[in-house]
Amino acid sequence: MTALDGLTRTILLSRDYVSDDLTDDEICLNLQSVRVLCVSDLQNLLSYSGQTALVTLVSLLGRMGMQVGLCIPEVEMVGPQPPLTMGPLRAMLLTLSENVIAGAFVRRNLGFQPDIVFVLGDTKFDSQQLFWRLSGEDWAGSLKMGETRTESHAWRSTWTAGSMISAALAANEAFKFAMRRLELRDPKSQIFFETSRTSSFDFGKIAWSEGAIDLGRIDVISAGAISQSALYALLRFPVVRMSGRIFDDDITAPSNLNRNMLTLADDIGSTKVQLIADACAPRFQLQPIKARFPDAGSGEPASHVVIGVDDIPSRWAVQRRSSGWLAVGGTSHFSISSSDHSSTKPCCGCLHPVDDVAGDIVPTISFVSFWAGLAMAVRLLRKCIGQEYGRDRQHLWLTPLRLDQPHAAMWLPVAPTPNCPVRCRASLAQLCRS
Amino acid sequence: MNDTVEKRKEQEKENQEKFAVQIVYNGVTKPLDVERNQHVTVVLQRAITLFGITQNPHLLSLFREDGSLIPETDTVERAGLKPGQLLLLRPNAVKGGVLKLAANIVPSTFQVFEDCGRGECECAVFWTGPAGDEIVDGLKHPVHERSPYGYHVDSNWLTDFWKELAASECSVKVQVHTHPGKAFHSATDDRWPIIAQDGFLSIVIPDFAAGPPTLSRAWVGRLQANGNWQQLESAQEAVMIP
């Protein structure tokens, strides 16, 4: 497998903006030439949240084909970090070298000349180089350029959503750095790839004791990138348990490695649902079903369903059969859409009433798919803890490129539409009104 | 003096007619001047130009902060847009594919079926629209032989129809025909669509279209790349009826 095989869809997404004169090889080489140094002291790596921030960042960078240098002490993992096996953190991170995208190395920092640097929390770091600090809380994360360490604190939060947010924000800056080195088709597009000095995102606080929680039976529709990111995120809440089913008929292909967070290069050719069931066991007991939902034997959906499938009619099919709660995650180029639906809210047919008949290869990139999965995981947690988002936050439309901008993430209600293909209760009421 | 007052009044009027809204795309917000009597289609096109969007611009729509779609058929005033209002430019659904029907298409189709089929024979119409756009704004009733069990379109009429389509830069978007009883796609329907192209739609109306003029009981199918027809669960999956 070559880097081009793994980065096909990332290159395709870059083509939204890069000059048509550039070849796929040139775009690929540009991504592979970016050298990112990740720096942390011991204190910031003693917490699970700090370790999660680092592991997630290294994985997201590697899945863009970039070169990663590690300037970190060796520490034992304090919690699970699948798809890595438990063990010494640095040693396990080094196993990601060329294990996601060919030619994407993870190495120690000896002689490593970085283009950009990411520093964890309040780790001491003095440099004239371009660097950002990753910091955050339980449910909020931020990235700040060149901030002095006194303005940050060490990673010590209990929950890891903030860690994963900060990692996704950092991966985004690395990608924009790569894009700034390429000729764009339209100079006006440069605005999307400008450096964000400070960016942040907050899912909103959840009042949650540290006690164990069983999410119950969950159906996961699709074993693709968004579902994998959601499960990757949920697995980083060690008190969470769940059971249920995962549906997909697909086999892991090289082009999945750019974004499937629970997948490594060795997994190519394996059945996606089995791969995920294995990665999630034993805390998540997911029955792998190698079929698309609904198939003849799928029966009624579970009371909670998470849908990470691109196919719009499949979402409608689940919505039609479900009388419970659904969370839907999707991506569209550089944006993500995350929503939840129940009988008292407009359905996913109201949100996405139009079918995709194009069937083209979907352009994707690691950190965008990851945002979609992370947002879906948080929705599921909130629902199961009894702190579901209200109607005003039923839909999140988020474009991570410029999260320093005021409207890069928009929480929206879902408006019922008379053209709803599911003909949900909300849409029928709207139809009567109109 | 009067000139100054007049000019000021004109300026005030102009200011009332024109204002700026805020367009959000890919996380970046830019102001866009709009006029009250401007069609939303024009606003949308200008927003697309403002951000230099070249990838699938036809899939984009404007949304309000309450999540509702701003109909492209409205003017700025009718859509209730206000100065400074924040509008999200994003794909209408993740990708495209639904045909927008002009308001009269479905009732006119049923009228043709009633007049021609008279509740005792099958009948057919073709829905047409501008080539390249997902819009249906025309209806063609072919010259055809008819019986309770089928219809056959006249080949000379078809030849003229193709020429007419080419001259008007239109295309056939959907074929619609009636059945005596249940709505379904027969083997003949499967084999002989007027357009054998991936994505082409076929609609079958039951009971010789004797019921109310809606597509709620219709069979709706889409031709797949492999030549098979995929039955859709409802007409709304394929067409947007105003």
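Residues numbered from 1 in each chain as written. Chains lettered and ligands numbered in written order. Predicted model: local features only at pLDDT ≥ 70, side-chain atom pairs only at ≥ 80, totals over all residues. Heavy atoms only, no water.

## Let's talk about the overall build of chain A
In terms of helices and strands, chain A carries 12 helices and 15 strands. Radius of gyration (C-alpha) of chain A: 21 Å, near the 22 Å computed for a compact globule of 434 residues. Referenced to the eigenvectors of the C-alpha coordinate spread, the extents of chain A come out at roughly 65 × 55 × 40 Å. Counting the 434 residues in chain A, one finds 64% classified as buried. Pairs at least 24 apart in sequence give 71% of the contacts found in chain A among residues at least 6 apart. For chain A, the computed accessible surface area is about 14,700 Å², with 50% contributed by carbon and sulfur atoms. Distance between charge centres in chain A, computed from 41 positive and 43 negative side chains, equals 5 Å. (Helix = DSSP H or I, 4+ residues; strand = E, 2+ residues; numbered from the N terminus. Rg over C-alpha atoms; globule rule 2.2 N^0.38 Å. Buried < 20%, exposed > 50% of the residue type's maximum accessible area, 1.4 Å probe, protein only. Contact = heavy atoms within 4.5 Å. Areas by Shrake-Rupley, 256 points an atom, 1.4 Å probe, with all protein chains shown as cover. Lys, Arg positive; Asp, Glu negative; His and termini not counted. Charge placed at Lys NZ, Arg CZ, Asp CG, Glu CD.)

## Topic: the side chain of Thr160 of chain A
Residues and elements named next belong to chain A. Considering the arrangement of structural elements, one finds Thr160 in the loop between β6 (140-145) and α6 (161-180). Here Arg236 takes part through its backbone oxygen, which lies 2.8 Å from a polar atom of the side chain of Thr160. Dropping the residues within four chain positions of it, Thr160 is found in contact with Tyr48, Ser49, Thr52, Asp138, Arg236 and Phe237. (Polar contact = N/O pair within 3.5 Å; in protein donor to acceptor, adjacent residues only side chain to side chain.)

## Quick notes on the pairing of strand β11 (residues 304-307) of chain A
Residue and element names in this part refer to chain A. The two faces of β11 match: His304 and Val306 on one face and Val305 and Ile307 on the other face are all buried. Inspection of the sheet shows strand β8 (residues 213-221) paired to β11 by four bridges, in the parallel sense. Among the inter-strand pairings, Ile218 is bridged to a residue of β11, identified as His304. Two elements, β11 and strand β12 (residues 325-332), share four bridges in a ladder whose sense is parallel. Of the residues in β12, the one forming a bridge with Val306 is Ala327. (Pairing = 2+ DSSP bridges.)

## Focus on the domain arrangement of chain B
Looking at the assigned domains, one finds that chain B contains domain 1 (2-91) and domain 2 (99-240). Each of domain 1 of chain B and domain 2 of chain B has a C-alpha centre, and the two are 37 Å apart. (Domains from an automatic or database assignment.)

## Topic: the nonpolar core
Core analysis: the largest hydrophobic core is formed by 143 residues, its most contacted members being Phe203 and Trp208 of chain A. Not counting residues within four places of it along the chain, the set of residues in contact with Phe203 of chain A comprises Trp139, Ile165, Trp371, Leu374, Ala375, Val378, Arg382, Tyr389, Arg393 and Trp411 of chain A. (Core = buried A, V, L, I, M, F, W, Y, C linked by side-chain atoms within 4.5 Å.)

## Let's talk about helix α1 (residues 3-14) of chain A
By the burial criterion, the buried members of α1 of chain A are Ala3, Gly6, Leu7, Arg9, Thr10, Ile11, Leu13 and Ser14 of chain A. Check the buried side of α1 of chain A and you find it contacts α2 (24-33) and α6 of chain A.

## Describing the interface of chain B and chain A
Taken together, the contacts link 37 residues of chain B with 42 residues of chain A. Surface buried jointly by chain B and chain A totals about 3,500 Å² across both partners, of which 56% is contributed by carbon and sulfur atoms. Inspection of the chain B/chain A interface yields zero salt bridges. The interface formed by chain B and chain A contains two residue pairs in polar contact (both at pLDDT 80 or more). At the level of secondary structure, the elements contributing two or more residues to the side of chain B that touches chain A comprise β1 (18-25), β2 (28-35), α2 (40-50) and β4 (86-91) of chain B. With four residues, the top contributor of residues to the side of chain B that touches chain A is β4 of chain B. Across the side of chain B that touches chain A, the residue classes break down as 13 nonpolar, 15 polar and nine charged. (Buried area = accessible area lost by both parts, 1.4 Å probe. Salt bridge = Lys/Arg side-chain N within 4 Å of Asp/Glu carboxyl O. Nonpolar A, V, L, I, M, F, W, Y, C, P; charged D, E, K, R; others polar.)

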